[in-house]
Amino acid sequence: GDVAFADAMEWDFTGEFVMYDALSNIESNFGGDIEYWDINFLRAWNSSSNNFGDGFIQKLFNGLPEDVSVGNPTFAKNSPNIVAFDYIDDFANDYELQAVNIERNQIKYIKIPND
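Because the structure is a prediction, the values reported are computed rather than measured.

Details of the pattern of salt bridges
Then comes step 1: Applying the stated rule across the entire model yields two salt bridges.
Then comes step 2: Where aspartate 38 meets lysine 59, a salt bridge forms, and the shortest distance between an N and an O atom there is 2.4 Å. Within this pair, whereas aspartate 38 is found in strand β3 (residues 34-43), its partner lysine 59 is found in strand β6 (residues 57-59), the two being separated by 21 residues in sequence.

Observations concerning the packing of aromatic side chains
Then comes step 1: Within this structure, the stated rule accounts for five aromatic pairs.
Then comes step 2: Among the aromatic residues, those joined into a ring-pair cluster are Phe13, Phe41 and Phe75.

Examining the environment of glutamine 98
Then comes step 1: With respect to the element layout, glutamine 98 can be found in strand β9 (residues 94-101).
Then comes step 2: Given the relative accessible area of 5%, glutamine 98 is considered buried.
Then comes step 3: Distance in space between the C-alpha atoms of glutamine 98 and alanine 4 is 24 Å, their sequence separation being 94 residues.
Then comes step 4: The residues touching glutamine 98, leaving out its near neighbours within four places in the chain, are Val83, Ala84, Phe85, Tyr87, Ile107, Lys108, Tyr109 and Ile110.
Then comes step 5: Here glutamate 96 takes part through its side chain, which lies 2.7 Å from a polar atom of the side chain of glutamine 98.

Some thoughts on the sheet that holds β9
Then comes step 1: With respect to topology, four strands assemble into an open sheet ordered β7-β8-β9-β10, the strand pairing being antiparallel. At either end of the open sheet lies a strand with only one pairing partner, and these are β7 (68-75) and β10 (106-111). For this sheet, the mean angle separating the axes of adjacent strands, direction not counted, is 30°.
Then comes step 2: Alignment of strand β8 (residues 82-89) against β9, held across eight bridges, turns out to be antiparallel. Of the residues in β9, the one forming a bridge with phenylalanine 85 is glutamine 98.

What to know about the nonpolar core
Then comes step 1: If you look at the biggest cluster of nonpolar residues, it comprises twelve residues: Met19, Ile39, Phe41, Leu60, Phe61, Val68, Val70, Phe75, Val83, Phe85, Tyr87 and Val100.
Then comes step 2: Contributions of two or more residues to this core are made by β3, β7 and β8.
Then comes step 3: Look past the residues within four positions of valine 100 in its chain and what remains in contact with it is Leu60, Asn81, Ile82, Val83, Phe85, Gln106 and Ile107.

Points about the side chain of aspartate 89
Then comes step 1: Among the structural elements, aspartate 89 can be located in strand β8.
Then comes step 2: A polar atom in the side chain of aspartate 89 sits 3.1 Å from the backbone nitrogen of phenylalanine 91.
Then comes step 3: Those residues in contact with aspartate 89 that sit more than four places away from it in its chain are Asp67, Val68 and Asp94.

As for the pairing of β7
Then comes step 1: In terms of residue burial, β7 counts as a mostly covered element, since six of its eight residues are buried.
Then comes step 2: Taken together, the six bridges between β7 and β8 define a ladder with antiparallel strand orientation. Residue pairing in the sheet places serine 69 in a bridge with isoleucine 88 of β8.

Some points on the layout of surface pockets
Remark: the empty space left among the atoms is shown by a probe the size of a water molecule rolled over them.
Then comes step 1: Its volume calculated, the largest pocket comes out at about 330 Å³.
Then comes step 2: Forming the walls of the largest pocket are 17 residues, and the residues nearest its centre are Phe41, Gln58, Leu60, Phe75 and Ile102.
Then comes step 3: Taken together, the elements giving at least two residues each to the lining of the largest pocket come down to β6 and β9.
Then comes step 4: In the lining of the largest pocket, the residues fall into ten nonpolar, five polar and two charged.
Then comes step 5: Lining of the second largest pocket is provided by 15 residues; of these, Ile34, Tyr36, Leu64, Pro65 and Val68 occupy positions nearest its centre.
Then comes step 6: The set of elements that each furnish at least two residues to the lining of the second largest pocket consists of β3 and β7.
Then comes step 7: Examining the composition of the lining of the second largest pocket, we find that four residues originate from one element, β3, more than from any other.

What counts and what doesn't
Residues numbered from 1 in each chain as written. Predicted model: local features only at pLDDT ≥ 70, side-chain atom pairs only at ≥ 80, totals over all residues. Heavy atoms only, no water. Salt bridge = Lys/Arg side-chain N within 4 Å of Asp/Glu carboxyl O. Helix = DSSP H or I, 4+ residues; strand = E, 2+ residues; numbered from the N terminus. Phe/Tyr/Trp six-rings, centres within 6.5 Å; stacked < 30°, edge-to-face > 60°. Buried < 20%, exposed > 50% of the residue type's maximum accessible area, 1.4 Å probe, protein only. Contact = heavy atoms within 4.5 Å. Polar contact = N/O pair within 3.5 Å; in protein donor to acceptor, adjacent residues only side chain to side chain. Pairing = 2+ DSSP bridges. Axes fitted to C-alpha atoms, helices over the stretch in contact; angles between N-to-C directions. Core = buried A, V, L, I, M, F, W, Y, C linked by side-chain atoms within 4.5 Å. 1 Å grid on protein atoms, 1.4 Å probe; cavity = no way out; pocket = protein on both sides within 12 Å on 5 of 7 lines; lining within 4 Å. Points joined across faces, edges and corners; volume = space filled by probe spheres on them. Nonpolar A, V, L, I, M, F, W, Y, C, P; charged D, E, K, R; others polar.

Below you can see the structure in the form of structure tokens.
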């Protein structure tokens, strides 16, 4: 979808990537448009050339399930490969706080409300 705007932004520990969440919109020809939040990484700086990066954008998750959004990402203070974020399932009316190890692609629940 097309990004409407970016919200929370944070540099990774290498100083090369900006992690941000973005509200995106997919236009539909068969009903209402679909809006969702996702988390992206923008290569903003190239340390080896000491110049701006190429602007390559990579998503934290490809193909989020319908009615699911992820947002408000933050890097762990002492573990540069751990990202915590909100996981929201609008269809199930569910919210969870999750973390992902971006090197190992492992996801864990941090907090499930009412548990």
